[in-house]
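Next come the chains, spelled out residue by residue.
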Amino acid sequence: DLEDVAVAAARALTDRSLDGTVHILTGPETLTMAEVAAGLTVALNHKVRHVSPPRFLMPTLLKHGASLNGWLAGQVASLMTCCAAGGENYTSDAVLNLTGKQPKSLSDYLTHAAKTFTR
């Protein structure tokens with residue numbers, strides 16, 4: 001959630017005792033793309049499903065389907081491949097430690113941000 005990141009960043013940038021420390025900010029839960037799609041389905045009140053194309057097709061689909069330039073499409077495809085392999089499957093307590101508040105769950109975030117996903 002951008003608000004969680006902003007508050008955590010403000011603390012990290014203004015508290016001199018945190019100089020030189022690294023903070024990996026995450027939400028409170030690890031989620032699959034199917035779980036994110038299910039959350040979007042509830043928040044938007046219409047069916048959203050995750051489709052996982054073969055890795056070699058992802059840059060082309062992102063370039064033409066999402067109008068990303070070739071470089072960015074390749075980067076997003078690499079990130080999605082990493083995520084699918086579990087490379088981002090962890091949580092941290094950094095948001096809590098920096099802000100004193102639990103990070104927003106996907107459900108809380110979508111309740112707040114769902115209007116940005118509609119036309």
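None of these values were measured; they are calculated from a predicted model. (Residues numbered from 1 in each chain as written. Predicted model: local features only at pLDDT ≥ 70, side-chain atom pairs only at ≥ 80, totals over all residues. Heavy atoms only, no water.)

**Topic: the environment of Thr111**
Right, on to step 1. Within the element layout of this structure, Thr111 appears in helix α6 (residues 106-113).
Right, on to step 2. On the basis of relative accessibility, which here comes to 66%, the residue Thr111 falls in the exposed class.
Right, on to step 3. A polar side-chain atom of Thr111 sits 2.9 Å from the main-chain carbonyl oxygen of Ser107. (Helix = DSSP H or I, 4+ residues; strand = E, 2+ residues; numbered from the N terminus. Buried < 20%, exposed > 50% of the residue type's maximum accessible area, 1.4 Å probe, protein only. Polar contact = N/O pair within 3.5 Å; in protein donor to acceptor, adjacent residues only side chain to side chain.)

**A look at a nonpolar patch on the surface**
Right, on to step 1. The grouping of Val22, Ile24 and Tyr90 at the surface amounts to a nonpolar patch, some 310 Å² of accessible area in total.
Right, on to step 2. Here Tyr90 shows up in the loop between α4 (70-84) and α5 (94-99). (Patch = residues over 30% accessible without salt bridge, like charges linked within 9 Å, V, L, I, M, F, W, Y side chains within 5 Å. Areas by Shrake-Rupley, 256 points an atom, 1.4 Å probe, with all protein chains shown as cover. Salt bridge = Lys/Arg side-chain N within 4 Å of Asp/Glu carboxyl O.)

**Regarding the nonpolar core**
Right, on to step 1. One finds Ala37, Leu40, Leu44, Val48, Leu106, Leu110 and Ala114 forming the largest nonpolar core, which totals seven residues.
Right, on to step 2. Listed by contribution, the elements that provide at least two residues to this core are α2 (33-44) and α6.
Right, on to step 3. No other element matches the three residues that α2 contributes to this core.
Right, on to step 4. Non-local contacts of Ala37, meaning those with residues more than four positions away in its chain, are made with Val48, Arg49 and His50. (Core = buried A, V, L, I, M, F, W, Y, C linked by side-chain atoms within 4.5 Å. Contact = heavy atoms within 4.5 Å.)

**Digging into the packing of helix α3 (residues 58-65) against α4**
Right, on to step 1. Running from amino to carboxyl end, α3 crosses α4 at an angle of 130°, the nearest separation of the two axes being 8 Å. Classified by the angle their axes make, α3 and α4 are oblique. The interaxial crossing formed by α3 with α4 has right-handed handedness. Each of Met58, Pro59, Leu62 and Lys63 in α3 lies in contact with α4, whose residues at this interface are Gly70, Ala73, Gly74, Val76, Ala77, Met80 and Thr81.
Right, on to step 2. Partitioned by chemical class, the residues of the contact of α3 with α4 number seven nonpolar, three polar and one charged. (Axes fitted to C-alpha atoms, helices over the stretch in contact; angles between N-to-C directions. Parallel < 35°, antiparallel > 145°, perpendicular 65-115°, else oblique. Left-handed = near helix turned anticlockwise from the far one by under 90°. Nonpolar A, V, L, I, M, F, W, Y, C, P; charged D, E, K, R; others polar.)

**Some points on the state of the cysteines**
Right, on to step 1. According to the stated counting rule, one finds zero disulfides in the structure shown.
Right, on to step 2. With no disulfide of its own, Cys82 lies closest to Cys83 among cysteine sulfurs, the gap being 5.5 Å. (Disulfide = S-S within 2.5 Å.)

**Considerations on the environment of Gln75**
Right, on to step 1. Among the secondary structure elements, Gln75 is positioned in helix α4.
Right, on to step 2. Taking the C-alpha atoms as reference, Gln75 lies 8.2 Å from Pro59; in sequence the two are 16 residues apart.

**A word on the side chain of Asp4**
Right, on to step 1. Among the structural elements, Asp4 can be located in helix α1 (residues 2-14).
Right, on to step 2. Judged by its relative accessible area of 8%, Asp4 falls in the buried class.
Right, on to step 3. Of note is the side chain of Asp4, whose polar atom sits 2.8 Å from the backbone nitrogen of Lys104.
Right, on to step 4. Residues within four places of Asp4 in sequence aside, it is in contact with Val95, Thr99, Pro103 and Lys104.

**Remarks on the side chain of Asp15**
Right, on to step 1. By secondary structure assignment, the location of Asp15 is in the loop between α1 and α2.
Right, on to step 2. With a relative accessible area of 18%, Asp15 lands in the buried category.
Right, on to step 3. A polar side-chain atom of Asp15 sits 2.5 Å from a polar atom in the side chain of Ser17.

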